[in-house]
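Structure assessment
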Amino acid sequence: MLNATEKFSGRVGFLGLGIMGAPMAQNLIKAGCDVTVWNRTKSKCGPLISLGAKYRSSPEEVAANCDVTFAMLADPESAIDVACGKNGAVSGMGPGKGYVDISTVDDATAKLINGHIKATGALFLEAPVSGSKKPAEDGQLIFLTAGDRSLYDSVAPFLDIMGKSRFYLGEVGNGAAMKLVVNMIMGSMMASFSEGLLLSKKVGLDPNVLVEVVSQGAISAPMYSLKGPSMVKSHYPTAFPLKHQQKDLRLALGLADSVSQSTPIAAAANELYKVAKSYGLSDDDFSAVIEALKAKSHDTA
Ligand SMILES: NC(=O)C1=CN([C@@H]2O[C@H](COP(=O)(O)OP(=O)(O)OC[C@H]3O[C@@H](n4cnc5c(N)ncnc54)[C@H](OP(=O)(O)O)[C@@H]3O)[C@@H](O)[C@H]2O)C=CC1
Ligand SMILES: O=CCCC(=O)O
């Protein structure tokens, strides 16, 4: 089993090589880690194999051949399937091993996977991340972890390759909850920003100037400066897929419901993302939510 003094010497598995998983695994390889990859669509493993990664043909085989296995999957369904399904990672786990799920899921999913992993004698850590495609490429992610403290300590050197900071939040479920609260705020912020861009244009202002004004004041956020100029041009190059933002709002609303917390702004934002999905924008960046508002006001400019 890995420990903090055996920096980078353990065998590391990585399941899920999408927008986030691929650059995260790449950073581990570039740092000299012994990485074995698997992805549902095998072709995405190619570039990482070229960089030195090993390949195994199922999550089970990856887990069986690695000390610690990371998973970065789309949603609760895929996270459960890859961990607990046929030839899933659980089948290859056992005492001395660890499973770290980085996917954004709800607390019930994190607890379910934790239960299956722990039943094998292995350790479990949930570790969803804040930060998008570029921070993943730059090793600047923020890890929101919870679960087995000893696994957290063991994998800290790997988290530090992929990220700039890490939080340990205690019981399994707290990582998912923190991530969902953060993304609930983010989804509402983007919906509100979209309304502002369209309103500024409708009243004859230059939305590019609005972006500049916002960037200099108290509501400045990197997200606005980063996405605003493209949104003005109706360009939505995908960093965080809109379908995932809507999934996170849906899960956050479920979390709020479970504790009878009122979240009317997030609920309204969720409806907008659902409209955007119905327009075929699921795989565009989540900033494409602005298109839902354009259609509502019959403004296609
Ligand atoms: N993009 C971002 O900015 C961020 C995303 N996240 C979260 O990270 C996770 C991954 O995001 P991202 O990389 O952007 O997403 P992508 O959609 O790019 O990648 C999703 C990954 O999940 C795999 N997958 C999907 N369904 C299944 C399934 N049924 N069985 C097996 N594998 C499956 C995909 O495999 P395949 O290649 O075969 O489709 C792919 O590897 C999500 O939970 C997202 O919410 C968190 C922070 C930032
Ligand atoms: O889950 C996606 C988060 C994107 C970000 O934090 O920029």
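Residues numbered from 1 in each chain as written. Chains lettered and ligands numbered in written order. Predicted model: local features only at pLDDT ≥ 70, side-chain atom pairs only at ≥ 80, totals over all residues.

Put simply, the test is: UniProt positions are given in the numbering used here, feature names are shortened, and annotations may be inferred rather than shown by experiment.
Within an unreviewed UniProt entry, the label attached to the protein chain reads Glyoxylate/succinic semialdehyde reductase 2, chloroplastic, and the organism entered is Durio zibethinus. Checking UniProt for the protein chain, the heading Function (unreviewed entry) contains the comment "Catalyzes the NADPH-dependent reduction of glyoxylate to glycolate as well as succinic semialdehyde (SSA) to gamma-hydroxybutyrate in vitro. May function in redox homeostasis and play a role in oxidative stress tolerance by detoxifying glyoxylate and SSA generated in glycolate metabolism and GABA metabolism, respectively." In UniProt, the protein chain has this text filed under Sequence similarities (unreviewed entry): "Belongs to the HIBADH-related family. NP60 subfamily."

**Details of the overall build of the protein chain**
Cut-off, in case you're wondering: Going along the chain from the N terminus, every DSSP run of H or I of four or more residues is numbered as a helix, and every run of E of two or more is numbered as a strand. Partly exposed residues are those whose C-beta has more than 12 but fewer than 20 other C-beta atoms within 10 Å; with 20 or more the residue is buried, with 12 or fewer it is exposed, and the C-beta atoms are placed from the backbone. Any pair of residues counts as being in contact when their C-beta atoms, constructed from backbone geometry, are within 7 Å of one another.
Each helix and strand in the protein chain was counted, giving 13 helices and 9 strands. Projecting the C-alpha coordinates of the protein chain onto the three principal axes gives extents of approximately 65 × 45 × 35 Å. Among the 301 residues that make up the protein chain, the fraction classed as buried is 46%. For the protein chain, long-range pairs separated by at least 24 residues make up 64% of all intrachain contacts whose partners lie at least 6 apart in sequence.

**What about the domain arrangement of the protein chain?**
Interfaces are often described in size by the accessible area the parts lose on coming together. Formally: These domain boundaries are the output of an automatic or database domain assignment. Amino acids are sorted into nonpolar (Ala, Val, Leu, Ile, Met, Phe, Trp, Tyr, Cys and Pro), charged (Asp, Glu, Lys and Arg) and polar (every other residue, Gly among them).
Per the domain assignment, the segments of the protein chain are domain 1 (11-170) and domain 2 (177-296). For domain 1 and domain 2, the distance between their C-alpha centres works out to 28 Å. The interface is formed by 11 residues belonging to domain 1 together with 13 residues belonging to domain 2. A class-by-class count of the residues in the side of domain 1 that touches domain 2 yields 3 nonpolar, 3 polar and 5 charged.

**Points about helix H7 (residues 149-162)**
Here is the rule we go by: Helix span, as expected, comes to 1.5 Å for every residue beyond the first. The seven residues ending at a residue and the seven starting there each receive a fitted axis; the angle between those axes is the bend at that residue.
Here H7 contains 14 residues, and its C-alpha end-to-end distance of 19 Å stays within 8% of the 20 Å for a straight helix at 1.5 Å per residue. Taking the largest bend as the criterion, H7 deviates by roughly 55 degrees, centred on Val 155, and proline Pro 157 comes between one and four positions later. Of all the positions in H7, only Leu 151, Tyr 152, Ser 154, Val 155, Phe 158, Leu 159 and Met 162 are classed as buried.

**Comments concerning the site of ligand 1**
Applied cut-off: In this text, near has one meaning. A residue is near a molecule or strand if its C-beta atom, placed using the backbone, is within 6 Å of it.
Near ligand 1 there are 26 residues, and of these Gly 18, Arg 40, Thr 41, Ser 132 and Phe 240 occur at the shortest range. Considering every element that reaches the shell around ligand 1, the biggest residue donor is helix H4 (residues 76-84), with 3 residues. A class-by-class count of the residues in the shell around ligand 1 yields 11 nonpolar, 10 polar and 5 charged. Looking at the shell around ligand 1, you find at least three residues from each of domain 1 (11-170) and domain 2 (177-296).

**Regarding the confidence of the model for the protein chain**
Put simply, the rule is: Every residue gets a pLDDT, meaning the predictor's confidence in that residue, from 0 to 100.
With 95% of its residues at a pLDDT of 70 or more, the protein chain has an overall mean of 95. Considering only residues more than four positions removed or in separate chains, one finds that residues 1-8, a stretch of pLDDT under 50, has 18 contacts. Listed scores for the predicted complex are pTM 0.96 and ipTM 0.99.

**Remarks on the site of ligand 2**
Neighbouring ligand 2 are Thr 104, Ser 130, Gly 131, Ser 132, Asn 183 and Phe 240. A class-by-class count of the residues in the shell around ligand 2 yields 1 nonpolar, 5 polar and no charged.

**Notes on the nonpolar core**
Cut-off, in case you're wondering: Any set of buried Ala, Val, Leu, Ile, Met, Phe, Trp, Tyr and Cys residues joined through C-beta atoms within 7 Å is what this text calls a nonpolar core.
Within the largest apolar cluster, 85 residues are counted, with the highest numbers of intra-cluster contacts made by Ala 25, Ala 71, Ala 89 and Val 289. The greatest single-element share of this core, amounting to 8 residues, is contributed by helix H8 (residues 174-202). Residue assignment places this core across two domains, with domain 1 (11-170) and domain 2 (177-296) each supplying three or more. Ignoring any residue separated from it by four or fewer positions in sequence, one finds Val 289 in contact with Met 190, Ala 191, Ser 194, Leu 242, Leu 272, Tyr 273 and Ala 276.

**Digging into the packing of helix H11 (residues 242-258) against helix H12 (residues 264-278)**
For the record, the criterion: Each axis is a line fitted through C-alpha atoms, and for a helix only the stretch in contact is used; angles between axes span 0 to 180 degrees, taken between their N-to-C directions. Handedness of each helix crossing follows the sense of rotation of the near helix against the far helix: counterclockwise by less than a right angle gives left-handed, clockwise gives right-handed.
It is at 9 Å that the axes of H11 and H12 come closest, and there the two elements cross at 145 degrees. The crossing of H11 and H12 is left-handed. For the pair H11 and H12, the contacting residues are Leu 242, Lys 243, Gln 245, Gln 246, Leu 249, Arg 250, Ala 252 and Leu 253 in the first and Ala 266, Ala 267, Ala 269, Asn 270, Tyr 273, Lys 274, Ala 276 and Lys 277 in the second. Of the residues assigned to the contact of H11 with H12, the class counts are 9 nonpolar, 3 polar and 4 charged.

**Points about the environment of Gly 98**
Along the chain, Gly 98 falls in strand S5 (residues 98-101). Separated by 56 residues in sequence, Gly 98 and Ser 154 place their C-alpha atoms 9.2 Å apart. Not counting the four nearest positions on each side in its chain, Gly 98 is found in contact with Asp 67, Val 68, Ala 122, Leu 123, Leu 125, Leu 151, Ser 154 and Val 155.

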